[in-house]
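# Coordinate analysis (summary)
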Amino acid sequence: MKGFYGRLLLINLSTGQWQAEEIPDKILADYLGGKGLGTYLMLNHIPAGADPLGPENCLIFTTGPITDTPMLGSNRFGAFAKSPQTGFYGESYSGGSVATAMKKTGFDAIIIQGQADNPVLLEISDQGVTFRDGSKLWGLDCYEAEDRALAEVGVKGAQTVVIGPAGENLVRFACIENNYWRSLGRTGMGAVMGSKKIKAIVFHGQSHCDVADLTGLKEYVAELTQKGKDNAGVLNYRKYGTPQLVSLMNSVGGFPTKYWSRGSLEGWETLSGEYLLQNFEVTPRACQPCIMACGKLSRITKGRHQGLTVEGPEYETIYSFGGLCCIKELEEIAYLNDLCDRLGLDTISAGNMAAFAMAAAEKGALDVKLTYGDAEGVTELLRQIAQRKDLGDLLADGIRVAARKLGLDDLAIHVKGLEPAGYDPRRLHGMGLSYATSPRGACHLRATFYKPELSGMIDPKTTAGKAKLFIDFEDRLAVYDTLILCRFYRDLVLWDDLAKLVTLTTGLDMDVNKLRQIAQRVVNAARQFNLTHGLTRDDDWLPPRFFNEPLENGDILTEENLTAMLEDYYRLRGWN
């Protein structure tokens, strides 16, 4: 097969050994790369009952067949492991510049097993693996660790992924970071990397694998570029990035606010994409090759954080710190964004944990001086979480553990231990189905179903027939993750385009029906992993507040509505 090397790298930290293994073409044809290959390897290398922070868990990195090709939106890679945050299927993806360097090592997947006795810096190249002393990097923040790791390896064009203090201290929602502001954000991949005592991994190499039809692929990319030239979605991402959603979600009443007690934030205008462009120095940034340039390199021009530069803040960071914590100064949210990136914390989980603490304090369940809107208090709390000090030690174990210890299970908002993103399912019912069924917990990205609900493709409040459309989105984006293709091309690259793309890169005789079968195989494999690790139907459910507490406009999601969507979903999936 083209587009793949047909090789994986197996690293055992406990023994300090590594070896290359063949990946049969049959596996690549059945699962493709990215999520498909990563999930297949999880099923075959992570035993039932594995401790997510133990040596038996594996940390798996994958690229896809479009990586290191001219395809737009292709510079992405994935990480997979049993999640320390949920105990179930863990996956996360990141952009930036790492994916191409990872692919040039000559491996389609990298499996890291065991645990090192002391901190290590791994150098992975087309020549193999070098185990370097990582003790001098241990304790550094992510920015410093990136710079030092690359300087130590000293290879032009090398790229690195790192963890910060949060990962070192096994905070269960710690990230893996790259290119300063890019994050493998969700499900605690940074804690898995920290449990293995890996501070940084540097990738470089000269390997290259051919695609089946490079001329055809270049022609398709030219067509796609022309197609996106005047596309409204592309233009909006290029101008505003994801903060464009702040105004939209507040206008429809689905912007989670004051720890999920409201659907809009009074004064949200100071958090919007328009405010960002008018009050920050903003430079669009793109992963290459890409026409979106959705990243916004933003420099604060006034106030106590004047001069600070960060790529962002993204919508999800604005929702979590701005909406849930009611912090209305975008400059403060940008600072908290930068702090999370340095410490290696997932901003969605971090903002949810801070807001949960505020709600708990308001109820008298926590004796802390932390109130809504308190940016300085959140700053200190994030540092405590990363260092596991004081209240931070409790919150570092995640929302499910913290809520249980405080007797606040009914207050906590999560699915399978993972907090939702910034789309309230009481307003967008399909997002309730998305959160409930996602293998990694309350995830918005597996289907991005807020898109059809907000665009008018389907009524946000209807339940009949919603599961069918949801599965179509979920399956198509599962294919995206096998390639690995950026989500923001979802309006431009449809089923027929994906089939063509797979044929051009791999040489497989692909059509839409065959591609749907691959998608279903991958979704089923993720489900099988969770069943192996103890999932029951009860885990596919939402927190009680979504059923019992209507939003201020009266929007509510009933248990009956969710049950109806779930029954349809299971039936259409063929799950018993």
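Residues numbered from 1 in each chain as written. Predicted model: local features only at pLDDT ≥ 70, side-chain atom pairs only at ≥ 80, totals over all residues. Heavy atoms only, no water.

A few words now on the nonpolar core. Counting 156 residues, the largest nonpolar core has Tyr-259, Phe-356, Leu-382, Tyr-423, Tyr-489, Val-493 and Leu-515 as its most contacted members. Aside from chain neighbours lying at most four places away, what touches Val-493 is Met-71, Tyr-220, Leu-224, Arg-476, Tyr-480, Leu-485 and Leu-498. Grouped together as the second largest cluster of nonpolar side chains are 30 residues, Phe-61, Met-102, Val-120 and Ile-198 included. (Core = buried A, V, L, I, M, F, W, Y, C linked by side-chain atoms within 4.5 Å. Buried < 20%, exposed > 50% of the residue type's maximum accessible area, 1.4 Å probe, protein only. Contact = heavy atoms within 4.5 Å.)

A few words now on helix 16 (residues 399-406). Listing the buried residues of helix 16 in full gives Ile-399, Ala-402 and Ala-403. Seen from one end, helix 16 has its buried residues packed into an arc of 95 degrees, which puts them on one side. Pointing more than 90 degrees away from the buried face of helix 16 are the exposed residues Arg-404 and Lys-405. Contact partners of the buried residues in helix 16: helix 13 (347-362) and helix 15 (391-395). Following helix 16 by one or two positions, Gly-407 adopts a phi angle in the positive range, close to 70 degrees. (Helix = DSSP H or I, 4+ residues; strand = E, 2+ residues; numbered from the N terminus. Arc of directions from axis to C-beta.)

Now for the sheet that holds strand 15 (residues 309-311). Read from one edge of the open sheet, 3 strands run 13-14-15, paired in antiparallel fashion. The open sheet has two free edges, formed respectively by strand 13 (280-285) and strand 15, since each of these has just one partner strand. Each neighbouring strand pair of the sheet contributes to a mean axis angle of 20 degrees, computed without reference to strand direction. As paired strands, strand 14 (residues 295-300) and strand 15 are joined by 3 bridges and run antiparallel to one another. Each bridged residue has a counterpart across the sheet, and for Arg-299 the counterpart in strand 15 is Thr-309. Across the sheet, helix 12 (residues 330-343) touches strand 13, strand 14 and strand 15, and the angle it forms with strand 15 is around 75 degrees. (Pairing = 2+ DSSP bridges. Axes fitted to C-alpha atoms, helices over the stretch in contact; angles between N-to-C directions.)

The subject of this paragraph is the sheet that holds strand 4 (residues 77-82). Taken in spatial order, the 6 strands of this open sheet run 2-1-6-3-4-5, and their pairing is mixed. Of all the strands in the sheet, just strand 2 (17-22) and strand 5 (89-94) have a single pairing partner and so form its edges. Each strand axis lies, on average, 20 degrees off the axis of its neighbour in the sheet, ignoring direction. Pairing geometry for strand 4 and strand 5, over 6 bridges, is antiparallel. The residue bridging Lys-82 from the neighbouring strand is Tyr-89, located in strand 5.

Turning our eyes to something else, we now look at the packing of helix 12 against helix 14 (residues 375-387). With their axes 11 Å apart at the nearest point, helix 12 and helix 14 run at an angle of 5 degrees to one another. Considering their axes alone, helix 12 and helix 14 lie roughly parallel with respect to each other. Residues Glu-332, Tyr-335, Leu-336, Leu-339, Cys-340 and Leu-343 of helix 12 lie in contact with helix 14, whose contacting residues are Ala-375, Val-378, Thr-379, Leu-382, Arg-383 and Ala-386. (Parallel < 35°, antiparallel > 145°, perpendicular 65-115°, else oblique.)

Once that is clear, we can look at the packing of helix 11 (residues 315-324) against helix 12. In a packed pair of helices, the relevant descriptors are the angle between the two axes and the axis-to-axis distance. It is at 10 Å that the axes of helix 11 and helix 12 come closest, and there the two elements cross at 115 degrees. Between helix 11 and helix 12, the angle is such that the two are roughly perpendicular. Helix 11 and helix 12 meet at a crossing whose hand is right-handed. Along its contact with helix 11, which presents Thr-317, Ile-318, Phe-321 and Gly-322, the element helix 12 presents Leu-330, Ile-333, Leu-336, Asn-337 and Cys-340. (Left-handed = near helix turned anticlockwise from the far one by under 90°.)

A word on the pairing of strand 2. Strand direction decides the pairing type here: strand 1 (residues 7-12) and strand 2, joined by 6 bridges, are antiparallel. For Asn-12, the partnering residue across the bridge sits in strand 2 and is Gln-17. Adjacent in sequence and paired antiparallel, strand 1 and strand 2 are bridged by 4 residues, among which Gly-16 carries a positive phi angle near 70 degrees.

Assignment of secondary structure puts Ile-327 in the loop between helix 11 and helix 12. Exposure remark for Ile-327: the relative accessible area of 0% places this residue in the buried category. Once you skip the residues sitting within four places of it in the chain, Ile-327 turns out to touch Leu-271, Phe-321, Gly-322, Glu-332, Ile-333, Leu-336, Gly-373, Asp-374, Ala-375 and Val-378.

Summed over all chains, the structure comprises 0 disulfides. Cys-290 takes part in no disulfide bond, and the closest cysteine sulfur to it belongs to Cys-486, at a distance of 6.0 Å. (Disulfide = S-S within 2.5 Å.)

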